[in-house]
Amino acid sequence: MLHGLYLMALVAEAMSAALAAGRRDMDWFGVAMLGSITALGGGSCRDILLGRHPLSWVAHPSLLLLTGGAALGTVLIARHVARLHRTFLLLDAVGLVVFTLIGCDLARAMGLSVAVAVVSGMITGCFGGVLRDILCNEVPLLFRSEIYASVSLAVGMLYLGALRFGVPHDITVVAAMVAGLGLRLTAIARGWAFPVFRWRGA
Amino acid sequence: MLHGLYLMALVAEAMSAALAAGRRDMDWFGVAMLGSITALGGGSCRDILLGRHPLSWVAHPSLLLLTGGAALGTVLIARHVARLHRTFLLLDAVGLVVFTLIGCDLARAMGLSVAVAVVSGMITGCFGGVLRDILCNEVPLLFRSEIYASVSLAVGMLYLGALRFGVPHDITVVAAMVAGLGLRLTAIARGWAFPVFRWRGA
Amino acid sequence: MLHGLYLMALVAEAMSAALAAGRRDMDWFGVAMLGSITALGGGSCRDILLGRHPLSWVAHPSLLLLTGGAALGTVLIARHVARLHRTFLLLDAVGLVVFTLIGCDLARAMGLSVAVAVVSGMITGCFGGVLRDILCNEVPLLFRSEIYASVSLAVGMLYLGALRFGVPHDITVVAAMVAGLGLRLTAIARGWAFPVFRWRGA
């Protein structure tokens, strides 16, 4: 089930990235590349930082077709995608949680500490969007606003904490999913945000 | 012959990067660094993504001197370099094809799939320029316009396809070179470009 | 002693990065992340480029708390931190030299050539700031002005040269420290800078 959600989240991330590419007037080739880099970039960053090879798309090049194709398809149906704004926020939230759990699991399988596993989950969940914003020449949204990386942090801590206390894996996954989705969607609905640090001094 | 073309392409990429640095008022030290990063960055990205060590400039540090020196030299002769605009477009096209072939060959030597080898060629050929544009605080040209990454894609597919069908290596290299240069230079001359995806919605 | 200076330099880099985050109106979570990435990013870039694992913060996750916490703390005392502008320039200069020496030492321990060891020192000393500037959507300061990367280059060459000529390690470290600090602080005081390459042609 996680694998199905993973593929769906990849597609959703690639489609959102395609809209970001359209805001920057990228050409179709650029749309496909930005889609793939955004969707697969978080996991690739994690693997490079942890020294884990081969990367997902090196082992499974079909992921490049899936994400690049999803981004290209978005060009054709952009009007409808935009109308499905809420659906995409939901899919993006699902992706954030699923990517986080995958990142935690991979770090655990490498025998890394709980702290690094939590960070591994955050990188997997969030850094694709950071790469997208860098390539779109923007200050990454992740650093500026929204309860996003912190949802990933909370999900990772809940997940790894529960596993450590012996809660069965399936129950833990479902609990982390429910808690993560609930937190993220409530944050969007209520406009929750961390305080901003505004500094204009030297 | 490929090795000679490779060194020449490194120099040409470093010199073009120096002009980009000059557009951003970088100092001489920055010019040299941007030249090296641009010229050697595509291959370094490829090796990091594929988990291949040591990187080219770690094994051959003289490449740092060559590229940094070429960029610095460009400061002195910028006026003449700009007059040689057409020559540089040609050298850049040669570099794109040579870097692509090298990227494909290295991935093949690692036993990676044809699809990954094609992507390896594209990263080798194109990502130095992406790093240059990120460091110059611009949306990478690669995503916005021009038939550039797609030339790399076509060259890689032609090259690896011909090798698979048993065409001798030397003939394949020459054919890929002719086809790639022809495609790239025709695209420049005719102003070919992919359609742009312009999106201003939510 | 180097280890104590290393931790102090990490804290100083994270605090400076927090002020940069405040100039971009990042939220508190973003401040902490930018602080960690800036302080630990130079060493992480070096290790990824040299293929050296695990990264420092993977082996010692407490470094993430230290740097993220230092950045967060800066939010509370930003007014005082700004008043300590000169102290921070000093701490930053100490950090530049210490990071450079550590980068040189690690490359030497890997058996890499002197040239690569010098570059390893520069990357360790300078690339955290490059990552910070990219994430703040600015052309990296490193490329535009100031005697900064060149101090790192000079320190690395002096350090490795002296070691090669058989000067004892402790004396070499102190000499490199004095020379590097002297050069950097003099450069700041006198406003030394490399000439800028300004180019507006094609």
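Residues numbered from 1 in each chain as written. Chains lettered and ligands numbered in written order. Predicted model: local features only at pLDDT ≥ 70, side-chain atom pairs only at ≥ 80, totals over all residues. Heavy atoms only, no water.

With an unreviewed UniProt entry as reference, chain A is termed Putative membrane protein YeiH, source organism Endobacter medicaginis. What the UniProt record of chain A gives under Subcellular location (unreviewed entry) is the line "Cell membrane". (UniProt positions renumbered as here; feature names shortened; annotations may be inferred.)

Visitor: Just checking my understanding: could you explain the nonpolar core for this structure?
Guide: Across soluble globular proteins, nonpolar side chains show a tendency to be buried alongside one another. Residues B:W57, B:F143 and C:W57 are the most contacted members of the largest nonpolar core, which totals 215 residues. If we skip the residues at most four places from it in the chain, B:W57 touches B:L40, B:S44, B:L63, B:L64, C:L49, C:V116, C:V119 and C:I123. (Core = buried A, V, L, I, M, F, W, Y, C linked by side-chain atoms within 4.5 Å. Buried < 20%, exposed > 50% of the residue type's maximum accessible area, 1.4 Å probe, protein only. Contact = heavy atoms within 4.5 Å.)

Visitor: Got a minute to help me understand the UniProt feature "transmembrane region" (unreviewed entry) in chain A in this structure?
Guide: All names here are of chain A. The feature "transmembrane region" (unreviewed entry), as annotated in UniProt, sits at residues 57-77, 89-108, 114-135, 147-167 and 173-193 in this numbering. End C-alpha atoms of residues 89-108 are separated by 29 Å, and the span's content is 100% helix alongside 0% strand. In residues 173-193, helix accounts for 86% and strand for 0%; the two terminal C-alpha atoms are 26 Å from one another. (Helix = DSSP H or I, 4+ residues; strand = E, 2+ residues; numbered from the N terminus.)

Visitor: Would you mind going over the interface of chain A and chain C with me for this structure?
Guide: For interface size, the figure often reported is the accessible area lost on association. At the interface, 35 residues of chain A touch 31 residues of chain C. Taken as a group, A:F143, A:F197 and A:W199 account for 30% of the area that chain A buries against chain C, more than any other trio of residues on that side. Linking chain A with chain C are 2 salt bridges, by the criterion used here. Residue A:R200 pairs with C:D25 through a salt bridge whose shortest N-O separation is 3.0 Å. The interface formed by chain A and chain C includes 8 residue pairs in polar contact (both at pLDDT 80 or more). Here the side of chain A that touches chain C gets 8 residues from one element, more than from any other, and that element is helix α7 (residues 114-135) of chain A. (Buried area = accessible area lost by both parts, 1.4 Å probe. Salt bridge = Lys/Arg side-chain N within 4 Å of Asp/Glu carboxyl O. Polar contact = N/O pair within 3.5 Å; in protein donor to acceptor, adjacent residues only side chain to side chain.)

Visitor: Explain the UniProt feature "domain: Glycine transporter" (unreviewed entry) in chain A here, please?
Guide: All names here are of chain A. The UniProt record annotates "domain: Glycine transporter" (unreviewed entry) at residues 6-77 and 90-161. Helix makes up 83% of residues 6-77 and strand 0%, with an end-to-end C-alpha separation of 22 Å. Structurally, residues 90-161 is divided into 82% helix and 0% strand, and its ends, taken at the C-alpha atoms, are 25 Å apart.

Visitor: Any chance you could explain α7(A) here in plain terms?
Guide: An α-helix turns once per 3.6 residues; consequently, residues spaced three or four apart project the same way. Residues and elements named next belong to chain A. Here α7 spans 31 Å end to end across 22 residues, near enough to the 32 Å set by a 1.5 Å rise per residue. The sharpest bend along α7 measures roughly 45 degrees and falls at C126. Taking burial as the measure, the 22 residues of α7 include 19 buried ones, the bulk of the element. Where α7 terminates, the next one or two residues include N137, which has phi positive at roughly 60 degrees. (Expected span 1.5 Å × (residues − 1). Bend = angle between axes of the 7 residues up to and from the residue.)

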